Amino acid sequence: MKIQSLTFIRTYKKIWILIAGALITILFSLLPLEYSFPFLIVAGGLLAGIIIISFDCPEEFDSIFFLFIAGFLIRILISVFLYFIMSILQRDEGFFFGDGYNYSLNGWAISQLWDRGIEVNKINFVPNFGSASGTVSNYDFFNAIVYSITGYSPFSLFFINCLAGSLPIILIFIISNKIFNREIALFASAFYTFWPSLILWSTQNLKDPITNLAILSFLYFLLKLRYSFKISSFFSSCFCLVILYYLRINTIAPLFLLYLIYFLFFIRIKKEIKLAIIIFLAIITFAVSRQIFTNYLNASFFETISTERQLRSYGRLAYFSNFKIFSLGSLLVYLPLGLFAVWFAPFPWQVFSLNQIFAAPEMLAWYLLLPFAIKGMRLAIKNKIKDSYLLIATIIIFSILLAIYEGNVGTMYRHKAIVVMLTFIFIGLGLHSRLYTNSYS
């Protein structure tokens, strides 16, 4: 059946491309760009999914493409539903999260200034033109770029994030299948596809879906480099780091560290090429780290960490807001508390609103699945599955990073998505070993 499906796609792909091209041409000629562009994102997203699956896992096309279509469609429908509900309620012009609305307002203002030939950057925007959020980030400028192309089109931003939140379905399957097997990959992808919070974040105008996609793509290309060193994969992984540098710079240092270690111990290429790449990465790491850690070098290291964490500890969802980190010892004392919050929050007593109530069943499911995750990691280490070490290291590093810096359950819950999606792979391994007792025992 799968072979027939692939044969059908290959035989009639030219006809489908012509039909799709004709429909898109008609659509663009009939509708203004702000209305037609979201459909172009959907069409381009489906094509991207087909291409990725066809190149990496053509034999599993039917299974992965079904999950991808299901996840993409669910996200699009929820995005549209939430937008119209919020519009009816006359809240934030249809944006479910205030952060997304602020990004949009700033992006639209910047694009309008660009149209008038006014130079705008991160330094002069807030003092000269104001800001809906009181600040401005690179993601605001990403909104501006989109609006400069499409006009005022919130659905374009929503659908871009729906796509960014759906492509990991494919990447998680490919990574899991390469490291373990098909059944584990299906478990992991299915968990990600239908996990409620991961669906919700990717239906909105937030930077998290693109950030998570960039991190997962980075790991995907890094694993590809282990099996076959290609310049295209190397520069693709570097491009992922560039995206993260502009969207969430604090992820760069740990990922560069993983990059260096992986190249040093796991990728087999000529010593001269490996040495050149390691020196290149070391120089980039040093340059980026200096920019990231300037504040820490100019002041007390632990005091700066404590101050930044306490700045994030605000509102009803704050946790451990009075804890001060003033030394290595106090950091080590706090770390278990922070890790406990990362892995188990939000707690039942932190449910204050309707959208937080929806998180309660998800967290209950998470608590029930965690033993399988622990079992999966134990089996991966016991069986010396070296490629899995990269995923385990990423989970540990990002858990520690979140534990140290986060102080609000709401933002931490969003930011720990990369930890959750990688943990699904080991949950899949744990469940598979439970169902098939002879596998990875």
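Here the residue numbers are simple positions, counted from 1 along each chain's written sequence. In keeping with the predicted nature of the model, local features appear solely for residues at pLDDT of at least 70, side-chain atom pairs appear and are counted solely at 80 or more, and the whole-chain, interface and lining totals rest on all residues. Computation of side-chain values covers all heavy atoms of the structure but excludes hydrogens and water.

**Overview of the packing of helix H10 (residues 208–227) against helix H19 (residues 386–405)**
- The geometry of H10 relative to H19 is characterised by a closest axis approach of 11 Å and an angle of 155 degrees between their N-to-C directions. Relative to H19, the element H10 is oriented roughly antiparallel. In terms of crossing hand, the pair formed by H10 and H19 is right-handed. Residues Ile215, Leu219, Leu222, Leu223, Arg226 and Tyr227 of H10 pack against Lys386, Asp387, Leu390, Leu391, Thr394 and Phe398 of H19.
- Classes in brief: Ala, Val, Leu, Ile, Met, Phe, Trp, Tyr, Cys and Pro nonpolar; Asp, Glu, Lys and Arg charged; the others, Gly included, polar. Its residues assigned to classes, the contact of H10 with H19 shows eight nonpolar, one polar and three charged. In this analysis an axis means a line fitted to C-alpha atoms, helices contributing only their contacting stretch, and an angle means the value between N-to-C directions, from 0 to 180 degrees. For the purposes of this entry, the term helix denotes a DSSP run of H or I that reaches at least four residues, the term strand denotes a run of E that reaches at least two, and both are numbered from the N terminus. The labels follow the angle: roughly parallel below 35 degrees, roughly antiparallel above 145, roughly perpendicular from 65 to 115, and oblique for the rest. With the far helix as reference, a near helix turned anticlockwise by less than a right angle produces a left-handed crossing, and one turned clockwise produces a right-handed crossing. The contact criterion used is simple: two residues touch if any of their non-hydrogen atoms lie within 4.5 Å.

**Digging into the environment of glycine 428**
- Tracing the sequence through the fold places glycine 428 in helix H21 (residues 417–435).
- Along the primary structure glycine 428 and phenylalanine 187 are separated by 241 residues, whereas in three dimensions their C-alpha atoms are 5.0 Å apart.

**Considerations on the pattern of salt bridges**
- Should a side-chain nitrogen of Lys or Arg be within 4 Å of a carboxyl oxygen of Asp or Glu, the pair is scored as a salt bridge. All told, the structure shown has five salt bridges when counted by the stated rule.
- Where aspartate 208 meets arginine 414, a salt bridge forms, and the shortest distance between an N and an O atom there is 3.0 Å. Taken as a pair, aspartate 208 in helix H10 and arginine 414 in helix H20 (residues 409–415) lie far apart in primary sequence, 206 residues in all.
- Residue classification places aspartate 208 among the buried positions, given a relative accessible area of 1%.
- Only protein chains enter the calculation, and the probe is 1.4 Å; a residue is then buried if its accessible area is under 20% of its type maximum, exposed if over 50%, and partly exposed in between. By relative accessible area, arginine 414 is classed as buried at 12%.
- Through salt bridges that share partners, Asp99, Asp208, Arg248 and Arg414 make up one connected network.

**Some words on helix H4 (residues 98–115)**
- The span you would expect from a helix comes to 1.5 Å times its residue count less one. Taking 1.5 Å per residue as the helical rise, H4 with its 18 residues ought to reach 26 Å, and the 26 Å between its terminal C-alpha atoms agrees with that figure.
- Buried residues along H4 sit in contact with helix H5 (125–129) and helix H6 (138–150).
- After H4 finishes, the residue glycine 117 shows a positive phi value of roughly 75 degrees.

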